[in-house]
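# Descriptive analysis of the structure
Each chain is listed here by its residues.
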Amino acid sequence: MKLTIKPVLLLFLLAVAGCKKVIHVDLNDVAPQIVITGDVTNATGPYIVNISKTVNFSESNVFPPVQGAQVTITGTDGTHDNLAETTPGRYATTLSWLGKTGVSYTLTVVTGGQTYTATSTMPPQVPLDSVSFQATTGLGRKLHLQAVPNYQDPAGVSNYYQFTENINGQDYTKKVFASNDRLSDGKYTSRRLDTDTTLQVGDLLLVSMYCIDQGVYNYLSTLNNESDAGNFSSVTPANPTSNINNGALGYFSAHSTQSRQVIVH
């Protein structure tokens, strides 16, 4: 059966202490779609929500910010914050508060006569014990030196993880590192971050570990599968199922965060 390609271009940056990933869906002209990305963490804020719109394939890759939106974040612990627009399309929390594990946070965006909402619950934090390194080899020679986060997965509960790398001050944005514990529940886990960038001895590496909820994991996992398969121009684009309603693209994530900075050796 022939698959019909829906005409859409989706190129946006999943950023702000979360997944930083540029996604291209290369096809024909369609009406712009709203893109919302935001995070709440257990680290000191402010927390940021970015709002923009997609553009058509025939247009330049300048993604117009959505200005003048009403943006709020509320929590089941009584948190209520009306975000302020600090630059066009960038909205920041205004109150001093800290995201907490076990609390569900709801993002509400009102713009263009439409209301978009998303809810994410911050999972308990799983300690990142250390970061080691592994050389992947082939044909008798070293091919890649890659980072390996080490941590104890809690037994009897479903856990979802995301990792990011910063190498010598530059964020690595070419791949999403999202995983679950379906095959490693309760085990001590050493999961290699498989990249196409070779670390060099002496590099300064910052590995960040996020404990995310299932909705965010499903989004990132689909995103990563599409990227790995190279399917953006060959089959119907399976835009990841967002946890934001009303047809918005993007995601809202409440997650714990921790980092380890190491010298590659």
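Cut-offs and rules
- Residues numbered from 1 in each chain as written.
- Predicted model: local features only at pLDDT ≥ 70, side-chain atom pairs only at ≥ 80, totals over all residues.
- Heavy atoms only, no water.
- Helix = DSSP H or I, 4+ residues; strand = E, 2+ residues; numbered from the N terminus.
- Buried < 20%, exposed > 50% of the residue type's maximum accessible area, 1.4 Å probe, protein only.
- Contact = heavy atoms within 4.5 Å.
- Phe/Tyr/Trp six-rings, centres within 6.5 Å; stacked < 30°, edge-to-face > 60°.
- Pairing = 2+ DSSP bridges.
- Core = buried A, V, L, I, M, F, W, Y, C linked by side-chain atoms within 4.5 Å.
- Axes fitted to C-alpha atoms, helices over the stretch in contact; angles between N-to-C directions.

## Thoughts on the overall build of the protein chain
- Helix and strand counts for the protein chain stand at 1 helix and 16 strands.
- Looking at the protein chain as a whole, 46% of its 265 residues qualify as buried.
- Across the protein chain, the fraction of contacts at a sequence separation of at least 24, relative to all contacts at a separation of at least 6, is 63%.

## Remarks on unusual backbone geometry
- A cis amide bond, omega 10 degrees, links Gly45 with the succeeding residue Pro46.
- On the secondary structure map, Pro46 appears in the loop between β1 (34-41) and β2 (48-53).
- Positive phi is not limited to glycine here, since Asn168 has a value of about 55 degrees.
- Note that Asn168 resides in the loop between β11 (160-167) and β12 (170-171).
- For Asn168, a relative accessible area of 43% corresponds to the partly exposed category.
- The phi dihedral of Asn246 falls on the positive side, at around 65 degrees, and the residue is not glycine.
- Looking at where Asn246 falls in the secondary structure, it is placed in the loop between α1 (214-229) and β16 (249-263).

## Brief notes about the packing of aromatic side chains
- Tallied over the full model, the rule gives 7 aromatic pairs.
- Ring centres of Tyr151 and Phe163 lie 6.0 Å apart, and the angle between their planes is 35 degrees; on these two criteria the pair is classed as tilted. Pair noted here: Tyr151 is in strand β10 (residues 141-152) and Phe163 is in strand β11, with a separation of 12 residues, a long-range link.
- Here Tyr151 falls in the buried class, since its relative accessible area comes to 0%.
- Taking the relative accessible area as the measure of exposure, Phe163 reaches 3% and is therefore buried.
- Connected via pairs of aromatic rings, a cluster forms that spans Tyr47, Trp97 and Tyr105.

## Side note on the pairing of β11
- In terms of burial, β11 is a largely internal element, 8 of the 8 residues being buried.
- Side chains Tyr160, Gln162, Thr164 and Asn166 of β11 all project onto a buried face; the interleaved residues Tyr161, Phe163, Glu165 and Ile167 project onto the opposite face, where all are buried too.
- Across 4 bridges, the pairing between β11 and strand β13 (residues 177-180) is antiparallel. Along β13, the bridge assignment pairs Phe163 with Phe177.
- Here β11 pairs with β12 via 2 bridges, running antiparallel. Counterpart to Ile167 in the pairing with β12 is Gln170.
- Between the antiparallel neighbours β11 and β12 lie 2 residues, among them Asn168 with a positive phi of about 55 degrees.

## Overview of the nonpolar core
- Core analysis: the largest hydrophobic core is formed by 24 residues, its most contacted members being Ile36, Val40, Ile51, Val71, Ile73 and Tyr105.
- Contributing elements (two or more residues each) for this core: β1, β2, β3 (70-75), β7 (104-111), β8 (114-121) and β16.
- Listed in part, the 20 residues of the second largest apolar core include Val126, Leu193, Met209 and Val264.

## Details of the environment of Gln114
- Residue position: Gln114 is located in strand β8.
- For Gln114, a relative accessible area of 36% corresponds to the partly exposed category.
- As a C-alpha pair, Gln114 and Asn246 span 132 residues in sequence and 8.1 Å in three-dimensional space.
- With sequence-adjacent residues up to four places away left out, Gln114 is seen in contact with Val109 and Asn246.

## Details of the side chain of Asp213
- Within the fold, Asp213 resides in the loop between β15 (204-212) and α1.
- The contacts of Asp213, once residues within four sequence positions are left out, are Ser120, Thr121, Pro123 and Tyr160.

## Re the pairing of strand β5 (residues 84-87)
- Bridging between β5 and strand β6 (residues 90-92) involves 3 bridges; their strand directions are antiparallel. Note on β6: the bridge partner recorded for Glu85 is Tyr91.
- The antiparallel hairpin formed by β5 and β6 contains 2 residues in its connecting segment, where Gly89 sits at a positive phi of about 80 degrees.

## Observations regarding the sheet that holds β3
- An order of β4-β3-β7-β8 is seen for the 4 strands of this open sheet, with the pairing classed as antiparallel. The sheet is open, and its two edges are formed by β4 (80-82) and β8, each paired on a single side. In this sheet, adjacent strand axes meet at a mean angle of 15 degrees when their direction is disregarded.
- Taken together, the 6 bridges between β3 and β7 define a ladder with antiparallel strand orientation. Paired with Gln70 across the bridge in β7 is Val110.

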